[in-house]
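Okay, here's what each chain looks like letter by letter:
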Amino acid sequence: MNCKHLFAIALVAPALALAQGKPGDPQIAHIVVTANQIDIDAGKLAKSHTKNKEVQAFARQMITDHGAVNKQAGALAKKLGVKPEDNDTSKALKKGASENMANLKKLKDGAFDKAYIDHEVTYHQQVLDAIDKVLVPSAQNAELKGLIEKVRPAFQAHLDHAKHVQADLGKKK
Amino acid sequence: MKFVPERLEVAAGDRITWTNRDIVPHTVTAQPAGVESGELAQGRSWTYIARKKGEIDYLCRLHPVMRGTLVVK
């Protein structure tokens, strides 16, 4: 068992920490696509639910950016002949996402905005940790590794943006 | 996730081309100066002709943390 990987899984789902070793490229490709899709879905929900302009703009950015990354990831997987393979990390991500979506759907207005943005801060931090500790060190193919390294600054900018919105929402109380 | 170089000096009448080498789309926007590239997808370029002397502070409308300055001499 790879300790670094165990740590990253622990961030998204402690119960699944023992389920998997170091991911191979097909698993990594699946994790990348899943992680992006989750944030696109949350962004779409936020876009239709929020009345806050800042949250609206953030959600639109998530849909655009994570959509662009997934388009690129899909094209690369096809080019390399890597078939994305479902795995325990992807399953843990999806489980966490469906719990988050179920929670968000119960909320309205300010409570919705706060819960969405708080989750986006945590989620982007987790994804950045996973990129640094698991995905980049484990990726075998240089182009796949390069793609993950290339999207990292965008995810960092999302985290900074989410924290900025979080601070602004906090001031409104 | 930044403009390279962040500060560029050009002469009035020069053509300046921005190319998006990132995966996510970006814009070159300076509203007071009327500069707006529209969304540039990966690999897309946009050219602006700097006619008026002065400094133009611009940003990416989608990622306002990205900022740059064009100095037209």
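Residues numbered from 1 in each chain as written. Chains lettered and ligands numbered in written order. Predicted model: local features only at pLDDT ≥ 70, side-chain atom pairs only at ≥ 80, totals over all residues. Heavy atoms only, no water.

## Description of the overall build of chain A
To keep it simple, the criterion reads: Only DSSP runs of H or I covering at least 4 residues are called helices, and only runs of E covering at least 2 are called strands; the numbering of each starts at the N terminus. Should any heavy atoms of two residues lie within 4.5 Å, those residues are considered in contact. Only the protein chains shown count as cover for residues, and all accessible areas are computed by the Shrake-Rupley method using a 1.4 Å probe.
Across its full length, chain A holds 6 helices and 0 strands. Shown N-terminal to C-terminal, the secondary structure of chain A runs as helices and strands in the order α-α-α-α-α-α. Expressed as a percentage of contacts within chain A between residues at least 6 apart in sequence, the contacts between residues at least 24 apart total 79%. If you sum the accessible surface of chain A, you get close to 8,400 Å²; carbon and sulfur atoms cover 58% of it.

## As for the nonpolar core
Formally: As used in this record, nonpolar core signifies buried Ala, Val, Leu, Ile, Met, Phe, Trp, Tyr and Cys residues forming a set joined through side-chain atoms within 4.5 Å. The buried label applies to any residue whose accessible area, calculated with a 1.4 Å probe on protein chains only, is under 20% of its type's maximum; exposed applies above 50%, and partly exposed to all values in between.
Ranked by size, the top nonpolar core spans 44 residues in total, and within it I28(A), Y116(A), I117(A), I131(A), L135(A), I148(A) and F155(A) carry the most contacts. Within the residue set of this core, elements represented by two or more residues are α2 (25–49), α3 (53–80), α4 (88–105), α5 (109–138) and α6 (142–171) of chain A. Of all the elements, α5(A) adds the most residues to this core, at 12 residues. Once residues within four sequence positions are removed from consideration, F155(A) is found in contact with N36(A), H66(A), V69(A), H124(A), V127(A), L128(A) and I131(A). In terms of nonpolar packing, the next biggest core, distinct from the first, is built from 18 residues, F3(B), I16(B), L40(B) and M66(B) among them.

## Considering α4(A)
All names here are of chain A. Heads up, the condition is: What a helix should span is 1.5 Å times the count of its residues minus one. For the purposes of these results, a polar contact is taken to be a pair of N or O atoms within 3.5 Å, where, inside protein, one atom must be able to donate a hydrogen and its partner to accept one; residues adjacent in sequence count only when each atom of the pair is a side-chain atom.
Between its first and last C-alpha, α4 extends 26 Å over 18 residues, near the 26 Å set by a 1.5 Å rise per residue. Looking at α4, one finds that the buried residues are T89, S90, A92, L93, A97, N100, M101 and L104. Two or three places before T89, at the start of α4, stands the capping residue N87, its side-chain oxygen 3.0 Å from that residue's backbone nitrogen.

## So, the interface of chain B and chain A
Note the following rule: When two components associate, each loses some accessible surface as probed by a 1.4 Å sphere; the sum of these losses over both components is called the buried area. Each salt bridge in this description consists of a side-chain nitrogen of Lys or Arg and a carboxyl oxygen of Asp or Glu lying within 4 Å of one another.
Tallying the contact residues gives 11 residues for chain B and 12 residues for chain A. The junction of chain B with chain A conceals about 960 Å² of combined surface from both sides, 66% of it contributed by carbon and sulfur atoms. The largest per-residue losses of area from chain B upon contact with chain A belong to M1(B), I23(B) and V24(B), which jointly make up 49% of the total buried on that side. Along the contact surface separating chain B from chain A lie 0 salt bridges.

## Some points on unusual backbone geometry
Backbone torsion omega between V4(B) and P5(B) reads -5°, so that peptide bond is classified as cis. A positive phi angle, close to 45°, is found at D109(A), a residue other than glycine. Mapped onto the fold, D109(A) is located in helix α5. The exposure class of D109(A) is partly exposed, given its relative accessible area of 40%.

## Details of the environment of G24(A)
Residue and element names in this part refer to chain A. Along the polypeptide, G24 turns up in the loop between α1 (3–12) and α2. For G24, a relative accessible area of 23% translates into the label partly exposed. Residues G24 and Q140, 116 residues apart in the sequence, show an inter-C-alpha distance of 7.4 Å.

## Brief notes about the side chain of D39(A)
All names here are of chain A. The criterion, for reference: Charged-residue counts in this description rest on Lys and Arg as positive and Asp and Glu as negative, His and the chain ends being excluded.
Inspection of the secondary structure assignment puts D39 in helix α2. This buried residue, D39, is left without a salt bridge; K44 holds the nearest opposite charge, at 12 Å. In this view, D39 contacts M62, H66, E120, Y123 and H124; residues no more than four positions away in its chain are not counted.

## With respect to the packing of aromatic side chains
All names here are of chain B. The cut-off we apply is this: Classification of ring pairs uses Phe, Tyr and Trp, with its six-membered ring standing for Trp, and accepts pairs whose centres are within 6.5 Å; under 30 degrees between planes counts as stacked, over 60 as edge-to-face, and the remaining range as tilted.
Considering all chains together, one arrives at 6 aromatic pairs over all chains under this definition. Seen in terms of ring centroids, F3 and Y58 are 4.7 Å apart; in terms of plane orientation they differ by 75°. Their pairing is edge-to-face. With F3 in the segment before β1 (7–10) and Y58 in strand β6 (residues 54–59), this pair connects stretches of sequence that are 55 residues apart. Overall, Y58 belongs to the buried group, its relative accessible area being 6%. Geometrically, the ring pair formed by W46 and Y48 is stacked, given 5.9 Å between the ring centres and 20° between the ring planes. Given a relative accessible area of 17%, Y48 falls into the buried group. Grouping aromatic residues by their ring pairs yields a cluster made of F3, W18, W46, Y48 and Y58.

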